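Listed here are the chains, written in short residue letters.
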Amino acid sequence: MSLLAFDGRVDEGNSSDTEPDELIDFTTLLMERQREDDCNDSWLDGNTDTNSKVQSQSYYNQGYHLGQYVLGVLDFSSQYGIDYSISYTAANVIGRPTKFPAYGDYPETFTMRTYGDWWLCVPSYTREIQSQNLPSLPTHDFIVVCFEKFVAPTEVAIFETFNPGGVVRIWAYNITKHWTCLWEAKNSDMIQPRNRSNYAHRDSRRFAPPLKATNVITKTLRIDFNHSQLNYYTEIDAIMLCGRTVSMRNMQQLIASASANVQRFDSSSREDISGGPITNKLRTLRFQPSCRENYAAKLHDFINKDLSQFLMENNLDPGQQLNSSASQNCLTDLPFEILLKILSYLDLMSLFRMGQVSRLFYDISTHPLLYGELSLKPYWHLANSKLLCTLAQRATMLRKLDLSWCGAFGEVSPTEFKKFLTQRGDNLTHLRLNSCKFLNASCIETVGIVCDNLIELSLRSCAIDPPLLNFSCLANLKNLERLDLFQTAFESELLLSMLEGNRKLKHLNLAFCGVSVNMDNVATHLATYNTQLVSLDMWKAHFLSARGLQSLARCHHLEELDLGWCLREATLGDSLHQLLSNCPKLKKLFLSAVRGITERDLIHIATLGKNLEQLDLMGILNITHERVYDILIHCTKLQLLDLSFCDSIMDHDLDVIADWSRLFNVDIKSSRIYNAR
């Protein structure tokens with residue numbers, strides 16, 4: 001049974017929102033793309049006719065071998081730097097390596113926002129929707145880059161100049177307009193020793209894993225990263241794509257040839273699998289009756305007179321088969337509720353495949369209870385408008401939806417997304433649209449009108465200046481508890497209005513929000529209307545002063561606060577002391593590059609931060625090893641302490657701090673000490 005855009009039942013009285021608009025088979029979609037790869041691979045392994053093989057080989061032999069560096073960055077999930085800076089931004093992968101083979105921390109490289117698994121141990125952490133869809137090595141970050149010329153790739157080289165080891169997958173966008181995985185890491189590839197020596201020798205790396213044997217033609221790559229085993233931020237200097245060029249004329253011929261091969265493959269497949277199990281069984285027995293005329297009478301005559309003899313001649317005893325089958329327990333004998341529970345543990349792809357087993361399993365696999373949570377994030381390379389149409393017919397009880405990373409290159413249209421939300425968005429409580437390039441103002445307006453029950457809205461990396469998001473259309477959202485606007489441009493006044501209307505807000509991410517937002521005004525609104533706030537991220541935000549920090553001190557339930565690169569004043573006065581005194585639940589406090597931190601502030605952190613588990617003091621100028629010891633002595637719950645680029649800590653202090661790291665069981669990060677535990 002195909003996975004159609006309807007549930008298999010016909011009801012003429014149903015409204016138009018349940019009528020099938022598109023037919024889409026998720027499993028067939030996978031098979032079609034695999035067939036295209038197989039057709040391409042056949043040029044390598046000889047599984048096609050000689051003429052096609054010779055012709056395809058001649059195409060590649062006519063080209064020349066080319067190594068090229070990145071021409072442009074098309075997309076990325078996060079970066080350490082800000083767009084209007086050249087430090088640690090995605091654009092730094094463009095062109096030739098500038099630092100390789102040197103090893104070290106360089107602002108001229110591409111650095112992502114996270115490292116390690118510390119981000120999983122904070123109050124702001126969000127559980128993945130439909131987590132059974134995730135691969136064994138999930139993707140945490142990605143970057144999509146393009147090159148000047150199309151090639152059949154033979155090598156992809158990634159130049160890692162600092163803390164290498166985060167690459168887990170390499171994808172290529174084919175000329176047939178779909179993604180192909182060229183390489184995927186195994187779990188064993190990601191295992192790194194945890195107990196390194198304090199001064200372990202480290203080198204840069206030119207990472208060029210062996211690619212799968214395929215004749216994909218591409219000039220667009222996507223690199224996936226997993227940070228769970230990284231001791232600190234990884235940095236990428238450049239990416240090189242090597243391969244043999246193919247002329248435009250030959251590419252057109254190859255596309256036509258691949259399409260023809262896929263069609264022939266489909267035709268032969270349909271011929272091979274036509275008919276049900278009884279027909280296939282009879283075919284294996286070479287049972288081919290000729291009933292061109294009066295076939296009904298002849299079939300009736302065969303069943304009454306010749307069937308028994310046919311079974312005996314082929315050693316088939318119907319009585320024995322019935323007795324053996326009766327003595328066995330079948331999965332379908334289980335109650336419907338038990339089968340539904342079993343299928344609830346399947347990932348989305350397996351669920352679609354299960355629906356092809358039988359009518360019973362189709363009915364179970366399309367039950368709305370199995371689609372209360374939907375995540376297409378792991379299937380970003382397959383998600384399209386047709387798949388949304390299919391899911392809209394099944395997910396009548398949808399509560400949580402994650403379309404992050406989906407819709408690149410126009411695969412998901414804004415119209416189909418709005419149609420999906422109109423049909424199934426009225427009961428949504430969680431909506432994640434991170435890095436969704438199909439979003440426009442009309443889509444956001446639909447979210448505001450339809451999804452008025454949302455308690456979580458995540459719009460990370462969705463827009464740049466000028467602001468795409470008009471928050472006036474989100475005025476209907478009154479129940480938000482989590483709002484994530486990481487690296488998304490918006491207007492300050494509209495944000496303040498939204499904060500005022502959502503007084504249950506507990507988690508807010510405004511990192512990289514742009515220069516147009518005055519964080520002092522945001523802090524004042526939070527202290528007035530959002531006193532239940534638990535986590536706040538203002539990483540690299542602007543215009544936050546000691547006055548704004550004093551306002552945040554009125555949010556007594558704060559457990560997580562990130563002010564990295566945000567406070568630029570020469571002195572903070574008593575604002576940090578007020579914050580620590582009024583927010584005793586703080587578990588995570590990031591003060592990266594806060595120049596106004598004084599020795600007195602460090603003493604306050606040691607004496608008042610009793611519940612601190614993660615403390616980032618990177619780039620603090622006035623910290624000494626004596627203040628570090630005070631913090632380690634008094635903050636007994638501390639697990640992570642970042643002291644990178646703290647110039648007041650001298651080289652002769654490093655051995656002492658390394659000993660303290662082992663003594664207090666705290667992971668102390670430094671530009672010269674890593675993972676000293």
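Residues numbered from 1 in each chain as written. Predicted model: local features only at pLDDT ≥ 70, side-chain atom pairs only at ≥ 80, totals over all residues. Heavy atoms only, no water.

**Here's the deal with the packing of helix α18 (residues 599–608) against helix α19 (residues 625–634)**
Piece 1. The contact between α18 and α19 brings their axes to 8 Å, and the two run at 15°. Relative to α19, the element α18 is oriented roughly parallel. Along this stretch, α18 crosses α19, giving a crossing that reads as left-handed. Of the residues in α19, those in contact with E599, L602, I603, I605 and A606 of α18 are R627, D630, I631 and H634.
Piece 2. Residues that form the contact of α18 with α19 fall into these classes: five nonpolar, one polar and three charged. (Axes fitted to C-alpha atoms, helices over the stretch in contact; angles between N-to-C directions. Helix = DSSP H or I, 4+ residues; strand = E, 2+ residues; numbered from the N terminus. Parallel < 35°, antiparallel > 145°, perpendicular 65-115°, else oblique. Left-handed = near helix turned anticlockwise from the far one by under 90°. Contact = heavy atoms within 4.5 Å. Nonpolar A, V, L, I, M, F, W, Y, C, P; charged D, E, K, R; others polar.)

**A word on the pairing of strand β1 (residues 65–69)**
Successive side chains on a regular strand alternate, one facing one side of the sheet and the next facing the other.
Piece 1. Side chains L66 and Q68 project from β1 onto a buried face, and the interleaved H65, G67 and Y69 project onto a face without burial.
Piece 2. Sheet topology places β1 next to strand β9 (residues 235–245); five bridges connect them, and they run antiparallel. Within the sheet, the bridge partner assigned to Y69 lies in β9 and is M240. (Buried < 20%, exposed > 50% of the residue type's maximum accessible area, 1.4 Å probe, protein only. Pairing = 2+ DSSP bridges.)

**Considering the packing of helix α11 (residues 385–394) against helix α12 (residues 414–424)**
Piece 1. Viewed as axis vectors pointing N to C, α11 and α12 meet at an angle of 5°, and their least axial separation amounts to 10 Å. The angle between α11 and α12 falls in the class roughly parallel. Residues S385, L388, L391, A392 and Q393 of α11 form the contact with α12, whose participating residues are E416, F417, F420, Q423 and R424.
Piece 2. For the contact of α11 with α12, the class distribution of residues is five nonpolar, three polar and two charged.

**Considering the environment of T139**
Piece 1. Tracing the backbone through its elements, the reader meets T139 in the loop between β3 (110–111) and β4 (141–162).
Piece 2. Residues T139 and N226 lie 87 residues apart in sequence; the distance between their C-alpha atoms is 5.3 Å.
Piece 3. Other than its neighbours up to four places away in sequence, T139 contacts R169, R222, D224, F225 and W405.
Piece 4. A distance of 3.0 Å separates a polar atom in the side chain of T139 from a polar atom in the side chain of R169.
Piece 5. At a separation of 3.2 Å, a polar atom in the side chain of T139 contacts the side chain of D224. (Polar contact = N/O pair within 3.5 Å; in protein donor to acceptor, adjacent residues only side chain to side chain.)

**Considering the environment of I129**
Piece 1. Position of I129 relative to the elements: it lies in the loop between β3 and β4.
Piece 2. The spatial distance from the C-alpha of I129 to the C-alpha of K377 is 9.2 Å, given a sequence separation of 248 residues.

**Section: α12**
Piece 1. Burial in α12 covers these residues: F417, F420, L421, Q423 and R424. Along the long axis of α12, the arc covered by the buried residues comes to 165°, so they all point the same way. Facing away from the buried side of α12, by more than 90 degrees, are the exposed residues T415 and T422.
Piece 2. In the core, the buried residues of α12 are packed alongside α11, β11 (400–402) and α13 (441–450). (Arc of directions from axis to C-beta.)

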